[in-house]
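What the coordinates show
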Amino acid sequence: MAEKMLVTQALDERDLLRKKINQKIEEFQCVDYARNNEEKGIDSKRSREEFASEARAAYQQIMDLIARYQRIETAIIASNASTVIKTSYGEYTVAAAIALRNRLREKKEKQKLFVENLRNPGAKPYKEAGFEENLAEKMAAQYHTAQKAANEKNKSLEEQAETMRLSILGKDTKVRDDKPLAVVDAYISENRTELMDPLGAMKLAEELRTKTATLLKEIDTQIKISNATTLIGIG
């Protein structure tokens, strides 16, 4: 009969096993050397028989721990592939939700790695797939750039228009019924720069960021609930 445990328990034991296995490997000794006329190993201070027995036992213990680790890991993966969680943006298997969470978080991971690479160039390469955040940043950046450029052109236009007004009013003639200043207004109207923003870039960028933040929060919550309530069998 397969052993049953909650996913949270399995995750905790898996983490503990990882540390324990690495510690056992660090302490593992299976090779020593000794003088032909002496029984004990120079480094281990064990007799040849004791050293061989302890090496075999230590090796088997490590292999048993690895086998236990792999059984738990296999059970967790199988559970993640079949257990479904619900969010306001749809249903996902736990495995898919974890992959999605990792991808959505990649932008922040990139920023962390960027700082690390500044301190230690080339320390860690990264492959960025935080598409939603990249897209939101792109839209916001384009909006601000275009808005700044449009404002600068309109400011320049107003300065030109003011020069035209002064030129017209400065002539030694009275303003007639045809209202020559209307030409200036028409010039401003025809040459004013306006944003071309068919998608509503800033609003759309904010919606993307809100969706990403909400989805990450929901995924974290639902995975925790699922892990704390889902039983898995350890073969």
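So, a few notes on the structure that sits alongside this text. (Residues numbered from 1 in each chain as written. Predicted model: local features only at pLDDT ≥ 70, side-chain atom pairs only at ≥ 80, totals over all residues. Heavy atoms only, no water.)

1. Points about the packing of helix α5 (residues 131-169) against helix α7 (residues 201-229)
Interaxial distance between α5 and α7 falls to 9 Å at its minimum, and their mutual angle equals 155°. Taken together, α5 and α7 sit at an angle that is classed as roughly antiparallel. Crossing hand, α5 versus α7: left-handed. Of α7, the residues touching α5 (which contributes E132, E133, L135, A136, E137, M139, A140, Y143 and H144) are A201, M202, L204, A205, L208, R209 and T212. (Axes fitted to C-alpha atoms, helices over the stretch in contact; angles between N-to-C directions. Helix = DSSP H or I, 4+ residues; strand = E, 2+ residues; numbered from the N terminus. Parallel < 35°, antiparallel > 145°, perpendicular 65-115°, else oblique. Left-handed = near helix turned anticlockwise from the far one by under 90°. Contact = heavy atoms within 4.5 Å.)

2. Some thoughts on helix α1 (residues 7-27)
Counted at 1.5 Å a residue, the expected span for α1 with its 21 residues is 30 Å, and the 30 Å between its end C-alpha atoms agrees. For α1, every residue scored as buried is listed here: V7, A10, R14, L17 and I21. Seen from one end, α1 has its buried residues packed into an arc of 65°, which puts them on one side. Of the residues in α1, the exposed ones pointing more than 90 degrees away from the buried face are D12, L16, K19, E26 and E27. Looking at the buried side of α1, the elements it contacts are β1 (3-6), α2 (48-82), α7 and β4 (231-234). (Expected span 1.5 Å × (residues − 1). Buried < 20%, exposed > 50% of the residue type's maximum accessible area, 1.4 Å probe, protein only. Arc of directions from axis to C-beta.)

3. Some details on the nonpolar core
Ranked by size, the top nonpolar core spans twelve residues in total: M5, V7, A10, L17, I21, L65, Y69, I72, A75, I76, I232 and I234. Of all elements in the fold, only α1, α2 and β4 reach the threshold of two or more residues within this core. Examining the composition of this core, we find that five residues originate from one element, α2, more than from any other. V94, A97, L100 and I223 belong to the second-largest nonpolar core, a separate cluster that totals nine residues. (Core = buried A, V, L, I, M, F, W, Y, C linked by side-chain atoms within 4.5 Å.)

4. A look at the packing of α5 against helix α6 (residues 181-191)
Interaxial distance between α5 and α6 falls to 9 Å at its minimum, and their mutual angle equals 170°. Between α5 and α6, the angle is such that the two are roughly antiparallel. Regarding α5 and α6, the two cross each other, and that crossing is right-handed. Where α5 abuts α6, its residues L157, E158, Q160, A161, M164, R165, I168 and L169 lie against L181, V184, D185, Y187, I188 and N191.

5. A closer look at the pattern of salt bridges
Counting across every chain of the model gives 13 salt bridges. Residue D220 pairs with R105 through a salt bridge whose shortest N-O separation is 2.8 Å. Taken together, the residues D220 in helix α7 and R105 in the loop between α3 (94-104) and α4 (106-119) connect sequence positions 115 residues apart. Classification of D220 by relative accessible area gives buried; the value is 18%. Among the charged side chains, a network of salt bridges with common partners joins R14, D15, R18 and E73. (Salt bridge = Lys/Arg side-chain N within 4 Å of Asp/Glu carboxyl O.)

Function-wise, these values are silent; they only describe arrangement.
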